[in-house]
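Tertiary structure, described
What follows is the residue order along each chain.
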Amino acid sequence: MVYDHANKGEQVAVFRGLDGRAYVVDAYCPHLGANLAVGGRVVGGCIECPFHGWQFRGEDGRCVRIPYAEKVPEFAKVRCWPSFEINGQILVWFHCDGEAPSWKVPEQREITQGEWVYRGRTEHFINAHIEEIPENAADIAHLAHLHTPGIVSGVDLRYTNSKTWEFVRHDWKVEWRPEPEPNKHCSQMLVKHALTIFGRRWPLLDLDVVARQVGPGIVFLLFDHSFLGHGVIMHCVTPVEPLLQCVSHTIFYQSSIPPLVPKFILRAECIQFERDVMIWNNKKYISKPMLVKEDSAIQKHRRWFSQFYSENSPRLRYQHDTLDF
C-alpha cells in the first residue's frame, strides 16, 4: 500500500515493503517527476514508479532497476526520510539543517501489547503559526474563559455562553512545566477536571489528565479514571505549509471498556478543541505579546519551545509595499 502525504510543503510517499517495514521517500521520481504515490506499486522493499518502472529502495532511496537501461547510474536515487513506526503511527523526522534525529518518541507499552486498542481519530486543518497550538498548554487563563461552558453548548463561540446551557460547567486546575535533562525536549501539562451540574459537583466524572509533549508536534494525553478506565489520545501537529497545520487526535483505550466510552471522550475533546480552532483561525501570532504576571507560563513555554528552531529555520516575511505575498 502506498500513501501520499505533505509535510512542511514536501510531498512524500509512504509505503510498506514486503518485509513489513514502513519507508518514507520523496514523492516525485527524479527521472521525469511522476508521483510515486499515485499509481506506484511496492516491489519487495522498493517502490516502483508508475511512469517508467524505475524502482527505488526504501532503505536508502537508491534506484536498483531501470527496466529499459543496461546500467543504473550511481546518482539515480530519491531522498529517503528518517522515519519511525511506533504507537500505531509512522512518524517522520524533519530538521531544516538536515541533522539526524536527536531524540526518540517513547513507546506506549499498552498500545504495543494490545491492552489499549484504536477507537477513533479526528483531523483538523488550522490556519495558525506552528507555535500557537502547543502554547495552549501553558495558557492557563484561557481554560477558565473558553472551556468552562459545558460541551453541550457546542463550539460556536457566539453561543457557548448561552443561558440555556449555563447549568453545565467544567472546572479546571492546570499546571505546565518543562522536563529537565535528558528530556529537555519534553514538557508536561497536569490537568484536574471536574464537572458541575446546577452547581453540584459530580465526583464520578472527575478526570485527571497528564498531557506530555514530546518535541514540537506530539502530545500524549493520558487519561486515568477510576470508573471510565485508562487510555491515551495521541495529538499530532504536522506543518503543511506556512501558517497551515494539520492536527490529528487518535485515541487508544482499554480493550475491556465499551467503545462508546472512548468515542464519547474523543468527541468531548474535539468540541473543546474546536473552540480553540475558531480562535486560531482568526487570530495573528504576536511575537512580543502583552502579558501580565499571571501569564508567566506562556513566556516559559516560549523559551522552552525555542529549542526547536535553528538559525536556518524558515521565517515568514511579508511585503507591505506590493500586492505580492
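For the structure given in this document, a descriptive report is provided here. (Residues numbered from 1 in each chain as written. Predicted model: local features only at pLDDT ≥ 70, side-chain atom pairs only at ≥ 80, totals over all residues. Heavy atoms only, no water.)

Focus on the overall build of the protein chain
Within the protein chain, the regular secondary structure consists of five helices and 17 strands. Its C-alpha atoms give the protein chain principal-axis dimensions of about 80 × 60 × 40 Å. For the protein chain, buried positions account for 44% of its 325 residues. Considering only contacts in the protein chain between residues 6 or more positions apart, those separated by 24 or more positions represent 49%. Charge-centre separation for the protein chain: the mean point of 36 positive side chains lies 3 Å from the mean point of 38 negative side chains. (Helix = DSSP H or I, 4+ residues; strand = E, 2+ residues; numbered from the N terminus. Buried < 20%, exposed > 50% of the residue type's maximum accessible area, 1.4 Å probe, protein only. Contact = heavy atoms within 4.5 Å. Lys, Arg positive; Asp, Glu negative; His and termini not counted. Charge placed at Lys NZ, Arg CZ, Asp CG, Glu CD.)

A word on the nonpolar core
Residues M189, L221, F223, I233 and I265 are the most contacted members of the largest nonpolar core, which totals 23 residues. Counting only elements with at least two residues in this core, the list comes to strand 11 (168–178), strand 12 (186–197), strand 14 (207–214), strand 15 (218–225), strand 17 (244–254), helix 4 (260–280) and helix 5 (296–305). Setting aside its immediate chain neighbours within four residues, M189 contacts A137, V174, E175, W176, V209, V210 and A211. By size, the runner-up hydrophobic cluster in this structure holds 16 residues, among which are Y23, V25, I47 and I66. (Core = buried A, V, L, I, M, F, W, Y, C linked by side-chain atoms within 4.5 Å.)

Notes on the layout of surface pockets
There is about 1,100 Å³ of room inside the second largest pocket. In this structure, the second largest pocket is lined by 41 residues; those nearest its centre are W172, V209, F223, E269 and Q272. The set of elements that each furnish at least two residues to the lining of the second largest pocket consists of helix 2 (132–135), helix 3 (140–146), strand 11, strand 12, strand 14, strand 15 and helix 4. Residue contributions to the lining of the second largest pocket peak at nine residues, all from helix 4. Across the lining of the second largest pocket, the residue classes tally to 27 nonpolar, twelve polar and two charged. (1 Å grid on protein atoms, 1.4 Å probe; cavity = no way out; pocket = protein on both sides within 12 Å on 5 of 7 lines; lining within 4 Å. Points joined across faces, edges and corners; volume = space filled by probe spheres on them. Nonpolar A, V, L, I, M, F, W, Y, C, P; charged D, E, K, R; others polar.)

Some details on the pairing of strand 16 (residues 229–241)
Taken across its 13 residues, strand 16 has ten buried, putting it largely inside the fold. Relative to strand 16, strand 15 runs antiparallel, the two being bridged by eight bridges. Considered in strand 16, the bridge of D224 is made with H230. The turn joining strand 15 and strand 16, which pair antiparallel and follow one another in sequence, is formed by three residues. (Pairing = 2+ DSSP bridges.)

Some words on the packing of aromatic side chains
Per the counting criterion, the structure on display carries 13 aromatic pairs. Between the aromatic rings of W176 and W304, the centroid separation amounts to 6.1 Å while the plane-to-plane angle is 70°, which identifies the pairing as edge-to-face. Here W176, found in strand 11, pairs with W304, found in helix 5; they are 128 residues apart in sequence, far enough to count as distant. Since its relative accessible area comes to 8%, W176 is described here as buried. Across the ring face of W202, the terminal group of R200 is positioned such that the distance to the ring centre comes to 5.6 Å. (Phe/Tyr/Trp six-rings, centres within 6.5 Å; stacked < 30°, edge-to-face > 60°. Lys NZ or Arg CZ within 6 Å of the ring centre and 35° of its normal.)

By themselves these figures say nothing about function.
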